[in-house]
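Here are the chains, one letter per residue:
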Amino acid sequence: MQALLGENGAGKSTLMNQLYGLLQPDEGHIVVDGEPRVFRSPRDAIAAGIGMVHQHFMLVPVFTVAENIALGAEKVRGGPLGVLDRRRARREVIEVSQRYGLPVDPDELVENLPVGVQQRVEIVKALTRDVDLLILDEPTAVLTPQETDELLSVMRGLAKTGKSIVFITHKLKEVKAIADRITVIRRGRTVSTASPDTPEDELAALMVGRDVSLEVVKTPAEPGREVLKIAGLVVDDDRGVRAVDGVDLVVRAREVLGIAGVQGNGQTELVEAMMGLRPVRAGSITVDNEPLIGMTTKEILHSSIGYIPEDRSHDGVIREFTVAENLVLDMYDRPPYGNAFRLDPAAINKAARERVRQFDIRTSSSEATVATLSGGNQQKVVVARELSRPLRLFVASQPTRGVDVGSIEFIHNRIVEERDSGTAVLVVSSELDEVVGLADRIAVMYRGRILATVSPDTPREEIGLLMAGITNGSGGSPPKPAAGDGVPGEGEQ
Amino acid sequence: MTTTEAAPPKEPKHREQRRESFLSVFLHNLWSANTVVVTILSIVLAMIIGGILMIVSDADVLKMFGYFTARPSDALNASWTLVSTAYGDMLKGSIVDPAAMSAWFDGTGSWQAAFFPISETLTYAAPLVFTGLSVAIAFRGGLFNIGGQGQAVIGCICSAVAGFSLGLPIVLNLIVALLAGLIGGAIWGFIPGFLKARTGAHEVIITIMLNYTAGLFLTWLILQSGVHDPQRSDAISKAVPESAQLPSFGGSLRVHLGIVLAVLVTAGIAWMLNRSAFGFELRAVGANPNAARTAGISVTKTYTLLMVVAGALAGLGGATQVLGTAYTLTPAVAGNIGFDGLLVALLGRNRPWGTLFAAILFGALRAGGNRMQSYSGISLELVSVLQALIVIFIAAPALVKTIFHLRAARSARLGASMAKGW
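Residue positions are counted from 1 within each chain, in the order its sequence is given. Each chain takes a letter, starting from A, and each ligand takes a number, starting from 1, following the order in which they are written. Given that this is a predicted model, residues contribute local features only at a pLDDT of at least 70 and side-chain atom pairs are listed and counted only at 80 or more, while totals for whole chains, interfaces and linings are drawn from all residues.

Enquirer: Teacher, can you tell me more about the overall build of chain B here?
Expert: By definition, any uninterrupted DSSP run of H or I lasting at least four residues is a helix, any uninterrupted run of E lasting at least two residues is a strand, and each is numbered from the N terminus. When you go through chain B residue by residue, the secondary structure sums to 19 helices and two strands. A buried classification covers 48% of the 422 residues belonging to chain B. Two residues qualify as a contact pair if the distance between their C-beta atoms, derived from the backbone, is within 7 Å. Of the contacts formed within chain B by residues at least 6 apart in sequence, a portion of 75% connects residues at least 24 apart. Neighbour counting defines burial: a residue surrounded by 20 or more other C-beta atoms within 10 Å of its own C-beta is buried, one with 12 or fewer is exposed, and intermediate counts give partly exposed, using backbone-placed C-beta atoms.

Have a look at this one:
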């Protein structure tokens, strides 16, 4: 079990794509089982016993699991023009999934499967090709903590049956949990090969090239007035299914409220409803006692509310736009950048150069398109955009998803600075570490409700149980304690 | 993440790259497959294939290929003569005819004759600039405006009717007629835009249907009293009075004020796209509607307004057609300007100035094609074939790159922007 560790844009995926025949090396060669090999296409790689599971799944959503697995290696009955042998494909899927303990239903349509199971399908697909070496490209990026644990145990099982696994990631915990050998890559070069006992901060330093702090350093909160108040909020998701089912929340000035929870428990819909991106069925949302419901997204953003959407490339940035343009994406029609009619490129560019410097955005110029930036730097563009105006409320959804360690540290520090400057901060994250590190209070969300609001000192296991919907923990915490429960130093009002 | 090549380069290395000589950078860029190079090579390729088609469709030349092995020079010479004369005629018909030019200098010919080719080119180009811009800006906003034709037809109708029925004084009549065409097109663009924004109806379907509606409305309207020319028995309307016509040089030079208007509008659209708040919104919505919405831009409002502007442009194209060259409404008054606008926008890479040049190129092909037909006897249809071939090559940049062994480089953006339009 070999782990490949590196920041975003360090060259991990490029390296593995060469191994899988998707890219051709400019120099150097690949040696498999002592023999130098040239892979012109994935077909060659598969023939040499190398399989790969991509970060973005290569599955056809409207095909069944069995069809997807057969795709590219279809078994045919009755000569070259014969019919597809679906039964055999099905049998093969069942056989492989049993042999490796990877339960999948061969007849289910892929689009109906949760992400974790789709990934399992990808793994089964690679295994049916009889590979000896399996490459997993950032397999945990899209998984919930539970699914991640499951995947790690599957990987251990595969390693036991004699398969070699290359595991690409930038998450230190996972690497330490599972790898036999860790190769750290930075800017296209192998920096070091470490053993899994290497302490986390040392690995992080190797990845980033300097010392990084994994802990969020912050002083205790001194909460002020109640800024955001949400009462009895009910929101439906895209399919019309109730996603947020009666949420009450209060976020005060100078505090960070973290919302913990496994993805898909209504956090997305809660935040989108607050930002005017999703209709509200019932309940109220107020900021400084002004109702937000009924305001357009633009009006909300213009009333000193900052927002980091959870899906950066989908909602956060426009990849084709320049860094400068992305930095004013929600303020382009306001002074000093322009007005309702025209833009002021000089002001926009001047501000952009400043932001690039302040927020340490690594780009060749502020005129470069955001697509040329690494994930972490793209996220810094979003953070810079939202934090460069005075805010009353700052809503950050998954602020460090898919972001490298160095940038995570930076973004976390910025969020804490924003809190200290008097802003009410709401952080939504499916990474429990992030919530615990940042938040002054943690609200655990489960199936559209806030199950409990706890202090970040609460033991992890207890929060983990709450995230799984189990409330009768040691203290027997009631399902819905009043907001503000367990805040350290909650004194006034 | 897979975008490793995009990792920020180390600072010193970056500076080293800058220090390469200007010439080597220039040559590198020339031979790397950037969009301008691909566009030019597409035109060259289309001309080559066009030449082959001329040879294949000429019986006399083909006969010589029958004894090619015995005397290859016959066939090759004949082919060369045929193709070079044809393209020579095309050049003479579209840009400058040296004979007419020298005749003007000698005093034996008129200056009108000397400038006739370029005048024809610009006459054909003027409406295409507008319809091309219409398609191009819709594209930039993520909409595929197939409805340029219908919008142009409505523009023709409104301009002509306003021109011959209001009886306003000179200048004012022209302005009102132009505005009528613009508003007519805008309304015809508003319908699909509004439906898309409100109900999600696909603009491609709606605009195609509205093309038919506009065309059929035109054929009906021409025969109505008040519109139909009472002196004529065929389907033709009254003529637009001179007070509403776009002023031209007169005589054989047909080129009119429309081309000046086209250049001004191009400049205006270029400004709008890059410098105005609306341009920012439409580019944002075109590139990533989700991010635009999250940043507070109203996607529905942008779509609607964008289609209004696109419709207005195509309407203006119809107006220049009817007020600049046609003067009367006939069922075919708008010709194919709406659909040619699609090709023009594609050739111009959806950029305003690119579209202007593409329209002029299409105008030149058309004007040159006329002369080629009458002098070399090559069918005008070849022009359509050439236009189509150019567009095919541009739509398949990979093909052009393979043929010319271009470096696979930062072009290929077009594919993405095309896909987005759908």
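So much for the structure itself; the text now carries on.
Enquirer: Whenever I open this one, the overall build of chain A confuses me. Can you help?
Expert: Looking only at helices and strands, chain A features 17 helices and 20 strands. Throughout, the radius of gyration refers to the C-alpha atoms, and the reference size of a globule is 2.2 Å times the residue count to the power 0.38. For 493 residues, the compact-globule formula gives about 23 Å, and the C-alpha radius of gyration of chain A, at 24 Å, lands near that figure. Considering only C-alpha atoms, chain A reaches an extent of 75 × 55 × 50 Å along its principal axes. Taking all 493 residues of chain A together, 46% fall into the buried category. Of the contacts made within chain A by residues no fewer than 6 positions apart, 67% connect residues no fewer than 24 positions apart.

Enquirer: Would you explain the interface of chain B and chain A in this entry?
Expert: By a widely used convention, the size of an interface equals the accessible area lost when the partners come together. At the interface, 21 residues of chain B touch 36 residues of chain A. All residues other than Ala, Val, Leu, Ile, Met, Phe, Trp, Tyr, Cys, Pro, Asp, Glu, Lys and Arg, Gly among them, are scored as polar; the first ten of these are nonpolar and the last four charged. Grouping the constituent residues of the side of chain B that touches chain A by class yields ten nonpolar, nine polar and two charged.

Enquirer: Please explain the sheet that holds strand E11 (residues 226-236) of chain A as it appears in this structure.
Expert: As a general point, the strands of a sheet are linked pairwise by backbone hydrogen bonds and lie either parallel or antiparallel. Residue and element names in this part refer to chain A. Pairing within the open sheet is antiparallel, and its four strands lie in the order E12-E11-E14-E15. Among the strands making up the open sheet, the edge pair consists of strand E12 (242-252) and strand E15 (290-291). Two strands pair if DSSP finds at least two bridges between them. Here E11 pairs with strand E14 (residues 280-287) via six bridges, running antiparallel. Within E14, the residue paired with Val235 across the bridge is Val280.

Enquirer: What's the story with the packing of helix H14 (residues 375-387) of chain A against helix H15 (residues 405-420) of chain A in this structure? I'm lost.
Expert: Packed helix pairs are characterised by how far apart their axes lie and by the angle those axes make with each other. Residues and elements named next belong to chain A. For helices, the fitted line uses only the C-alpha atoms of the stretch in contact; every axis is such a line through C-alpha atoms, and the angle between N-to-C directions lies from 0 to 180 degrees. Contact geometry of H14 with H15 gives a least axis separation of 10 Å together with a crossing angle of 10 degrees. As the angle between them shows, H14 and H15 are arranged roughly parallel. Here H14 contributes Gly376, Gln379, Lys380, Val383 and Leu387 to the contact with H15, which in turn contributes Gly406, Ser407, Ile411, Arg414 and Glu418. In terms of residue class, the contact of H14 with H15 is made up of three nonpolar, four polar and three charged. Here the angle decides the label: under 35 degrees means roughly parallel, over 145 means roughly antiparallel, 65 to 115 means roughly perpendicular, and every other value means oblique.

Enquirer: Is there a simple way to explain helix H5 (residues 115-128) of chain A in this structure?
Expert: For the α-helix, the turn length of 3.6 residues means that residues three or four positions removed from each other point alike. Each helix should span, by expectation, one fewer than its residue count multiplied by 1.5 Å. The terminal C-alpha atoms of H5(A) lie 20 Å apart, and with 14 residues this matches the ideal 20 Å at 1.5 Å per residue to within 8%. A positive phi of about 60 degrees marks Asp130(A), the residue just after H5(A).

Enquirer: Sorry, what's going on with helix H11 (residues 258-275) of chain B here?
Expert: With 18 residues, H11(B) extends 25 Å from end C-alpha to end C-alpha; this agrees with the ideal 26 Å at 1.5 Å per step. Turning to H11(B), the residues buried within the fold contact helix H7 (111-140), strand E2 (253-256), helix H12 (277-287), helix H14 (299-326) and helix H16 (352-376) of chain B.

Enquirer: What is the right way to look at the domain arrangement of chain B in this model?
Expert: Residues and elements named next belong to chain B. Start and end points for every domain follow an automatic or database-based domain assignment. By domain assignment, chain B separates into domain 1 (24-57 + 379-422) and domain 2 (118-378). Facing the 18 residues of domain 1 at the interface are 16 residues of domain 2. For the side of domain 1 that touches domain 2, the elements supplying multiple residues, two or more each, are helix H3 (35-56), helix H17 (381-395) and helix H19 (413-421). The greatest single-element share of the side of domain 1 that touches domain 2, amounting to eight residues, is contributed by H17. The class makeup of the residues in the side of domain 1 that touches domain 2 is eleven nonpolar, six polar and one charged.

Enquirer: Help me understand the domain arrangement of chain A, please; the structure alone is not making it clear to me.
Expert: Taken domain by domain, chain A comprises domain 1 (2-208) and domain 2 (226-467). For domain 1 of chain A and domain 2 of chain A, the distance between their C-alpha centres works out to 33 Å.

Enquirer: Any chance you could explain the nonpolar core here in plain terms?
Expert: Grouped burial of nonpolar side chains is what soluble globular proteins tend to show. What makes a nonpolar core is a set of buried Ala, Val, Leu, Ile, Met, Phe, Trp, Tyr and Cys residues, with links drawn between C-beta atoms within 7 Å. Ile135(A), Leu228(A), Val395(A), Val427(A), Val444(A), Ala125(B) and Val322(B) are the most contacted members of the largest nonpolar core, which has 250 residues in total. Broken down by element, this core gets its largest block of residues, 14 residues, from H14(B). Val427(A) has contacts with Val256(A), Gly258(A), Ala396(A), Pro399(A), Ile415(A), Val435(A), Leu438(A) and Ala439(A), leaving out every residue within four places of it along the chain.

Enquirer: Please explain the sheet that holds strand E10 (residues 189-194) of chain A as it appears in this structure.
Expert: Residues and elements named next belong to chain A. The sheet built from six strands is open, its strands ordered E4-E7-E8-E1-E9-E10 with mixed pairing. Whereas interior strands pair on both sides, the edge strands pair on one side only; in this sheet they are strand E4 (50-53) and E10. For this sheet the average axis-to-axis angle between neighbouring strands, irrespective of direction, equals 20 degrees. Bridge analysis of E4 against strand E7 (residues 133-137) gives four bridges, and the strand direction is parallel. Looking across to E7, one finds that Gly51 is bridged to Leu134. Helix-sheet contacts for H5 involve E4 and E7, and the interaxial angle to E4 is about 170 degrees.

Enquirer: Any chance you could explain the environment of Gly185(B) here in plain terms?
Expert: All names here are of chain B. Structurally, Gly185 is set in helix H9 (residues 172-199). As for Gly185 and Gly150, which are separated by 35 residues in sequence, their C-alpha atoms are 8.1 Å apart. Dropping the residues within four chain positions of it, Gly185 is found in contact with Gln151, Ala152, Ile154, Gly155, Gly311, Ala312, Ala314, Gly315, Leu316 and Gly318.

Enquirer: Can you walk me through unusual backbone geometry in this structure?
Expert: Excluding glycine, a negative phi dihedral is what most residues carry, and trans is how most peptide bonds are arranged. Residues and elements named next belong to chain A. The residue after Pro335, namely Pro336, is reached through a cis peptide bond having omega 0 degrees. Summarising the element assignment, Pro336 is placed in the loop between helix H12 (323-327) and helix H13 (345-358). Of note, Asn289 is a non-glycine position whose phi angle comes to about 65 degrees, a positive value. The residue Asn289 is located in the loop between E14 and E15 in this model.

Enquirer: Quick question: what am I supposed to make of the environment of Phe164(B) here?
Expert: All names here are of chain B. By the secondary structure assignment, Phe164 is in helix H8 (residues 148-165). Taking C-alpha positions, Phe164 is 25 Å from Val308, a pair spaced 144 residues apart along the chain. Contacts of Phe164, omitting those with residues within four sequence positions, involve Lys238, Ala239, Val240 and Pro241.

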